[in-house]
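Spelled out, the chains give:
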Amino acid sequence: MPRPLPSRSATPHGRRREGPPPPAPPLHPRPVFLTHTSMLDLDPTVIRDIEGADDVRAALADRIRDATRSSAARTVRVSVPVPGRMRPIDWVRARSSAEAVYWSGRDEDRTVAACGTADVVSGSTAPVDYQALGRVLDERLDGADSGVRYYGGMRFDAGQPTAPNRPDGRWAPFGTYRFVLPRFELVEADGTLRLVCTLVLPRDAERVDEIVDALGAVALPVPSEHTALPRPHQRQDVPGHGEWTDMVRWALDAIDGGSLDKVVLARRVALSLGAPMDPLLVLSHLEPATPGCYHFAVRPSRGAAFVGASPERLFRRAGRTVVSEAVAGTRPRGETAAEDARLRQELLQSPKERREHAFVRDAIRDDLDRVCREVRIPKKRGELALARGRHLHARITGTLRPDTGTTDVLEALHPTPAVGGVPTDDAVAAIRAREPFDRGWYAGPVGWVGRDAAEFAVGLRAGLVEEAQMALFSGAGIVEGSAPDREWDEIEQKIGDFAAIMGVSDPRMASR
Ligand SMILES: C=C(O[C@H]1C=CC=C(C(=O)O)[C@@H]1O)C(=O)O
Ligand SMILES: [Mg+2]
């Protein structure tokens, strides 16, 4: 039986509660009803094409037919300009039935919305064989046009075959890893839009009619009105507050006893929406609210999608140059300039936050050293300031060693202690044993792989949206000096961007 939200006074964001401790939570966390009930119906079937859409499709169809006349065995991209303005996210929302991907890099002036598949490299078994994955991707990308990118990602725990509740069936369509070469893309770069079709030749020459037919169903919608999001009416925290406190205390004992130095423990916050919701609509609200982040959506088929706004780069590869980042240690932004400056100083000087960050920085430096030469790291730590939060930050660079590729870097770096812990294997084993849910793709690498180039974000500040359910995931690094309540509140702050767009950011909505 779900229970109603207990009444309590508001707690200032990110601060510890005063007064008596909260009542002991139930053994199995039960749903908490939120007070919101309003629900807006969406009608994604009403799509009006922009003026000239038929000409755009006809021009691209000509390009497709021309390209398939070549007998060369290679992957090519053909494209045409799209007049006017439209948000790539609105374009892909108009294809509600297809496999879809959305990627907007953090520092890159390029946004890609994509639907349909020209090719897929996926696997559902674990552990992931990074060498084999690298060979397959290299082979498919050999001689490909420079813009050809396989988009996707993998599970956080790509090393474990199966366990009770893992993988959770909701993550099944995502597989252990999945990289998609999209059939159609709307690319916005340098202020212009292009509609792109990717063809795997000579194979696609035999399906040219089918591809041109599919292009006919690709709408070029007029910019949509701002569509409101439905308000969640129920919230369930897994673990609940009591179980979380026990988990953190266990981790602190392990740290005290010397068996672990750091472990990142996470929570799942499930919001019930009352009616099915388009996951890409969530992202279309999240993106403007979270500047300075990677914005992504992966929808393997009709239905569930993994969407998020992550501030954290796992790595970027351009030729032989690799750039990674250590992002860890957290404080909120202040409401006034003075409070903001104080919180910045607090973050930069806190021994606990510095320790939390140093584990990540040192691990990335050592792991990158295995696949790169000339690994460089700045002496001073900096700050990554976001709309609601801030983190300690360091940029780490290197030059790829000969005979080393993208999946070698992926294997070396993932999971960093920003999402796993130190020592890595022991921390991942603790996460498996202690967390009462499957992380799925949360905290896994998400991004793209091209020929001699790649970029991956760490898949956090993210959620799994399926039908009328939205599960948000977030974690906090537990180190010496951590306290269960402060880490609970830190996670509450990290889900704040999602909570705000969903209209549940009132601290009274927290279920403790
Ligand atoms: C694990 C998450 O954040 C990581 C990244 C930055 C700061 C973190 C922290 O201070 O605990 C986490 O290590 C998450 O957002 O789910
Ligand atoms: Mg932290």
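Just so you know, these numbers come straight off a predicted model, no measurement behind them.

Cut-offs used in this document
For every chain, the first residue of the written sequence is number 1, and numbering continues from 1 onward in sequence order. The order in which chains are written sets their letters, starting at A; the order in which ligands are written sets their numbers, starting at 1. Local features in this predicted model are restricted to residues of pLDDT 70 or higher, and side-chain atom pairs are both shown and tallied only at a pLDDT of 80 or more, whereas totals for entire chains, interfaces and linings draw on every residue. For the side-chain quantities, the full set of heavy atoms in the structure was used; hydrogens and water were omitted. UniProt positions are given in the numbering used here, feature names are shortened, and annotations may be inferred rather than shown by experiment. To qualify as a helix, a DSSP run of H or I must reach at least 4 residues; to qualify as a strand, a run of E must reach at least 2; elements of each kind are numbered from the N terminus. The term polar contact refers here to a pair of N or O atoms within 3.5 Å; inside protein, the definition further demands a hydrogen-donor-capable atom paired with an acceptor-capable atom, and it admits residues adjacent in sequence only when both atoms are side-chain atoms. Should any heavy atoms of two residues lie within 4.5 Å, those residues are considered in contact. Coordinating donors are taken as N, O and S atoms within 2.8 Å of the metal, stretched to 3.2 Å for Na, K and Ca; because water is absent from the atoms, sites can appear incomplete. Remark: exposure states derive from per-residue accessible area (1.4 Å probe, protein chains only) relative to the maximum for the residue type, with buried under 20%, exposed over 50%, and partly exposed in between. Any residue with a heavy atom positioned within 4 Å of a molecule or strand is treated as near that molecule or strand. Note on areas: these come from Shrake-Rupley sampling with a 1.4 Å probe, and a residue is covered only by the protein chains present in the view. Classification convention: Asp, Glu, Lys, Arg as charged; Ala, Val, Leu, Ile, Met, Phe, Trp, Tyr, Cys, Pro as nonpolar; all other residues, Gly among them, as polar. Axis definition: a line fitted to C-alpha atoms, over the contacting stretch in the case of helices. Angles run 0 to 180 degrees between N-to-C directions. Rotating anticlockwise by less than a right angle from the far helix to the near helix defines a left-handed crossing, while the corresponding clockwise rotation defines a right-handed one.

1. So, the UniProt feature "active site" (unreviewed entry) in the chain
Inference 1: Per the UniProt entry, the sites bearing "active site" (unreviewed entry) are Lys262 and Glu312 in this numbering.
Inference 2: Structurally, Lys262 can be placed in strand E10 (residues 262–272).
Inference 3: Among the polar contacts listed, one links the side chain of Lys262 to the backbone oxygen of Glu356, at a separation of 3.0 Å.
Inference 4: Ignoring sequence-local partners within four residues, the contact set of Glu312 consists of Tyr294, Glu325, Val327, Thr416, Ala418, Ala457, Val458 and Leu460.

2. A few points about the coordination of the magnesium ion (ligand 2)
Inference 1: Around the magnesium ion (ligand 2), the protein supplies Glu356 (OE) and Glu490 (OE) as donor atoms, at distances of 2.1 to 2.2 Å. Taken together, the residues Glu356 in helix H8 (residues 351–371) and Glu490 in helix H11 (residues 484–494) connect sequence positions 134 residues apart.
Inference 2: Residue class for Glu356 comes out buried when judged on its relative accessible area of 2%.

3. Some details on the site of ligand 1
Inference 1: Surveying the vicinity of ligand 1 reveals 18 residues, the closest of which are Thr330, Ala418, Tyr442, Arg461 and Gly475.
Inference 2: Here an oxygen atom of ligand 1 sits 2.8 Å away from a polar atom, N or O, in the side chain of Glu356.
Inference 3: When ligand 1 is considered free in solution it has 390 Å² of accessible area, and contact with the protein chains removes 100% of it.
Inference 4: For the shell around ligand 1, the per-class residue count stands at 7 nonpolar, 6 polar and 5 charged.

4. Points about the packing of helix H5 (residues 241–256) against H11
Inference 1: For the pair H5 and H11, the least separation of the axes is 9 Å and the interaxial angle reads 115 degrees. Read as a crossing pair, H5 and H11 show a hand that is right-handed. Side by side, H5 and H11 meet where His241, Trp244, Thr245, Val248 and Arg249 of the first sit next to Pro484, Asp485, Glu487, Trp488 and Ile491 of the second.
Inference 2: Grouping the constituent residues of the contact of H5 with H11 by class yields 5 nonpolar, 2 polar and 3 charged.

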